[in-house]
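Residue-level listing of the chains:
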Amino acid sequence: TADPDAETSRRGMSDDPYRRHRFDVDIGDDRPSLGFTEVRGLSVCVQARPAEEPGSDDAAKVDWLDWRGPFGAVPSPSRRRTASPALTLRRGITDDRRLWDWLRDWVAGRVERRDVRVFLLDAAGERARGWRCRDATPARWTGPELAADRPAAATETLELAHEGIDAITGGE
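Residues numbered from 1 in each chain as written. Predicted model: local features only at pLDDT ≥ 70, side-chain atom pairs only at ≥ 80, totals over all residues. Heavy atoms only, no water.

This part covers the packing of aromatic side chains. By the definition in use, this model includes one aromatic pair. Ring centres 4.8 Å apart and planes at 75° place the aromatic pair Trp100 and Trp141 in the edge-to-face group. A residue pair is termed long-range when its members are at least 10 positions apart, and Trp100 in helix α3 (residues 98–107) and Trp141 in strand β7 (residues 127–142) qualify at 41 residues. Residue classification places Trp100 among the partly exposed positions, given a relative accessible area of 29%. Here the guanidinium or amino end of Arg114 rests over the ring plane of Trp102, the centre of that ring lying 4.3 Å away. (Phe/Tyr/Trp six-rings, centres within 6.5 Å; stacked < 30°, edge-to-face > 60°. Helix = DSSP H or I, 4+ residues; strand = E, 2+ residues; numbered from the N terminus. Buried < 20%, exposed > 50% of the residue type's maximum accessible area, 1.4 Å probe, protein only. Lys NZ or Arg CZ within 6 Å of the ring centre and 35° of its normal.)

See below:
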């Protein structure tokens, strides 16, 4: 007889077009996508305007209405505000210096905000679903930990501040 757990597992995998969690990242520089081993920070936290308390002063109302989030987001008329953590991209060190060069340009004052797009790939390797982090800028680069007694691959991490996340389809 067939193992019911194996059948459920097999059936679940065939229904999930993203079962291998393959993805690519476009850093908005009109060049081919970069490969990363890890992407973190695809998250949005929504906060509603707190209930007004009797006797609250106008200063608190102005502070809320003029509030700009950590990445400069302006609240909508519904008095909601959103915040997202930094987008963290991690990959093995290569001879491609695009991440380093973008960071150095930012530090040097040559401001270049970019829309960074992260896409899940379907079983055929096509972009299926994705997220756009608007107006991203480098916030931190972390290079490899080099230790001769460990066989680990050398990796680099780039953290990006951004103005918010949009859900997009593969063609966007």
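What follows picks up the thread again.
Turning to the pattern of salt bridges, a few remarks are in order. Summed over all chains, the structure comprises 13 salt bridges. As a salt-bridge pair, Arg91 and Glu156 come within 2.7 Å of each other at their nearest N and O atoms. With Arg91 in strand β5 (residues 87–92) and Glu156 in strand β8 (residues 155–161), this pair connects stretches of sequence that are 65 residues apart. The class for Arg91 is buried, based on a relative accessible area of 4%. We classify Glu156 as buried; its relative accessible area is 5%. A salt bridge links Asp166 to Arg132; the nearest nitrogen and oxygen atoms lie 3.9 Å apart. Placement of the pair is Asp166 in strand β9 (residues 165–169) and Arg132 in strand β7, with a sequence separation of 34 residues. Of the residues examined, Asp166 reaches a relative accessible area of 26% and is grouped as partly exposed. Each of Asp29, Asp96 and Arg98 takes part in salt bridges that share partners, so that together they form one network. (Salt bridge = Lys/Arg side-chain N within 4 Å of Asp/Glu carboxyl O.)

For the chain, the mean per-residue pLDDT works out to 76, and 69% of the residues sit at or above 70. Considering only residues more than four positions removed or in separate chains, one finds that residues 1–15, a stretch of pLDDT under 50, has one contact. Segment residues 58–69: pLDDT under 50, and 20 contacts once partners within four positions in sequence are set aside and those in other chains are kept. (pLDDT = per-residue confidence, 0-100. Contact = heavy atoms within 4.5 Å.)

Turning our attention to α3. The set of residues buried in α3 consists of Arg98, Leu99, Trp102 and Leu103. Across the axial projection of α3, the buried residues extend over an arc of 135°, all falling on one side. Against β5, β6 (114–121), β7 and β8 lie the buried residues of α3. Among the residues trailing α3, Gly109 stands out with phi positive, at a value near 90°. (Arc of directions from axis to C-beta.)

With respect to the helices and strands, the residue Ser43 is situated in the loop between β2 (38–40) and β3 (45–48). Along the primary structure Ser43 and Leu87 are separated by 44 residues, whereas in three dimensions their C-alpha atoms are 8.8 Å apart. In this structure, Ser43 is in contact with Ala83, Ser84, Pro85 and Ile165, ignoring residues within four places of it in sequence.

Taking burial as the measure, the seven residues of β8 include six buried ones, the bulk of the element. Both β5 and β8 contribute to a ladder of six bridges, which runs antiparallel. For Thr88, the partnering residue across the bridge sits in β8 and is Glu159. Judged from the five bridges that link them, β7 and β8 form a sheet pairing that is antiparallel. Counterpart to Pro138 in the pairing with β8 is Leu160. (Pairing = 2+ DSSP bridges.)

Attention shifts here to the layout of surface pockets. Estimates place the volume of the largest pocket at around 250 Å³. Looking at the largest pocket, it is lined by 14 residues, and the ones nearest its centre are Arg90, Pro144, Glu145, Ala153 and Thr155. Ranked by the residues each element gives to the lining of the largest pocket, the list is headed by β8, at three residues. In the lining of the largest pocket, the residues fall into six nonpolar, four polar and four charged. (1 Å grid on protein atoms, 1.4 Å probe; cavity = no way out; pocket = protein on both sides within 12 Å on 5 of 7 lines; lining within 4 Å. Points joined across faces, edges and corners; volume = space filled by probe spheres on them. Nonpolar A, V, L, I, M, F, W, Y, C, P; charged D, E, K, R; others polar.)

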